[in-house]
Amino acid sequence: MISSSYRPHNPGHDYYEAGAYLITLVVAGRERRLSSLGDSSDHPQVLPTDTGRIVEEEWARTAVLQRAKGRDIDIRCQVCMPDHWHGVIVVNRRMDISVGTIINAFKSVCTSRWRREVTGYVQPPCTATMIRHMSKERRHAYYSTRPLVERPLFDDDYDDTICLDAEHLRRMEAYVADNPRRAIVRRLHPQFMQRSLNVVINGRSYAAFGNLFLLGWARKQQVFCHRKARLSGLTAEERQQYGYVHLSLSAEQEEAFVTRVPYHTTTAFRNQGNGHYLAAMAGATVLVTPGISEGEKRVKNMALERGLPLIHLQKEPIGPYWKPEQQRFDACIQGRLLIIAPWDAASLGDVNGIPSASDYSQFHNLNTLAEVICGM
């Protein structure tokens with residue numbers, strides 16, 4: 001069966017309604033048909049092939065064709081990578097057809113022009129009719145037996161990311177524009193951009209992206225911060241400030257007593273963060289954290305901003321085509337980041353009777369994983 005870029009589209013989302021989307025298409029068989037890339041990450045060049053130029057032209061025409069039919073859409077940007085394509089489409093008001101229908105029409109016309117103008121292959125009308133009436137499964141099976149030139153230009157499915165707001169749209173467009181540089185960097189630094197879909201830790205399989213050598217560092221330090229401060233962690237001034245000065249508790253009770261004070265605002269957090277920073281700055285310690293609580297997020301961000309070695313655990317899965325956003329991608333380039341994720345965070349088990357799919361259990365399990373990694 002041919003490979004596919006498909007992930008389930010967002011259930012419940014109305015693809016007829018106004019919205020913006022980042023679309024990804026993968027060339028059938030991952031053939032490098034659309035472009036070639038230069039060798040400089042400082043000045044990345046995309047050199048489209050004849051096939052790539054067809055795709056660029058048809059994407060530019062898509063808005064014109066759809067507007068002629070009364071559909072108010074904008075085409076914001078696109079990039080033809082060697083074996084895949086990204087584009088951003090904005091639907092300004094509700095349409096009579098779905099975004100998927102527009103994308104499938106775009107794919108179909110790209111295939112027609114590619115066959116006619118580049119390969120010279122002419123599909124017999126009877127074959128086209130037969131394929132049109134096949135189920136998706138039968139169509140995949142049929143194409144798997146045919147030469148690549150007889151298959152559609154792109155895989156049967158596609159990937160879409162729904163835009164959340166104006167800032168998300170800006171980041172989508174920046175991601176498309178930055179794709180060539182990222183691809184060149186991955187080619188130049190393969191040892192720091194490894195994707196492993198079967199990293200076994202404590203008998204369980206995880207996926208990872210980045211510098212796998214960080215797992216082997218002798219000294220690793222877990223970053224774990226509660227959301228709220230314990231009474232025992234407050235200074236005398238903080239107890240006075242927040243109204244805990246009159247409590248009379250044993251040392252054991254103080255340790256267990258959770259205040260309403262955000263932990264990341266306390267002196268204890270500043271001291272803990274400074275300790276993590278100094279240890280990592282010495283170059284002998286890798287920080288390990290899922291970055292869940294506000295305190296953990298701040299230490300994680302500090303590590304990324306200051307170029308410190310970091311293993312970041314995330315609950316979102318890492319699949320065959322997943323890539324980190326620019327800040328973490330650039331950290332991977334420099335060999336100072338490894339990202340690890342369970343295949344399904346909900347499968348890691350219940351915690352204290354709370355279902356495994358809950359945020360509480362998932363976050364607790366990721367912090368337990370951080371502890372395990374530091375003890376390796």
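Parameters and conventions
Residues numbered from 1 in each chain as written. Predicted model: local features only at pLDDT ≥ 70, side-chain atom pairs only at ≥ 80, totals over all residues. Heavy atoms only, no water. pLDDT = per-residue confidence, 0-100. Contact = heavy atoms within 4.5 Å. Pairing = 2+ DSSP bridges. Helix = DSSP H or I, 4+ residues; strand = E, 2+ residues; numbered from the N terminus. Axes fitted to C-alpha atoms, helices over the stretch in contact; angles between N-to-C directions.

**Student:** Pulling in residues and values, what's your account of the confidence of the model for the chain?
**Tutor:** On average, residues of the chain score 88 in pLDDT, and 96% of them reach the 70 mark or higher. In the model, residues 1-8 has pLDDT below 50 throughout and makes 23 contacts with residues more than four positions away in sequence or in other chains.

**Student:** Pulling in residues and values, what's your account of the sheet that holds strand E1 (residues 19-26)?
**Tutor:** One open sheet accounts for four strands, arranged E4-E5-E1-E6; its pairing is antiparallel. The sheet is open, and its two edges are formed by strand E4 (73-80) and strand E6 (159-162), each paired on a single side. The sheet shows a mean angle of 20° between the axes of neighbouring strands, taken without regard to direction. Note: E4 against strand E5 (residues 84-91), seven bridges, orientation antiparallel. Counterpart to isoleucine 73 in the pairing with E5 is valine 91.

**Student:** Provide a residue-level description of the sheet that holds strand E14 (residues 337-342), including the pertinent values.
**Tutor:** Backbone hydrogen bonds are what pair the strands of a sheet, in a parallel or an antiparallel way. If you walk across this open sheet you meet the six strands as E7-E8-E14-E13-E12-E9, and the pairing is mixed. Every interior strand has two partners, whereas the edge strands, strand E7 (194-201) and strand E9 (220-222), have only one. Averaged over all pairs of adjacent strands, the angle between strand axes in this sheet comes to 25°, irrespective of strand direction. Bridge analysis of E9 against strand E12 (residues 286-289) gives three bridges, and the strand direction is parallel. Residue glutamine 221 lies in a different strand from E12, and its bridge partner there is leucine 287.

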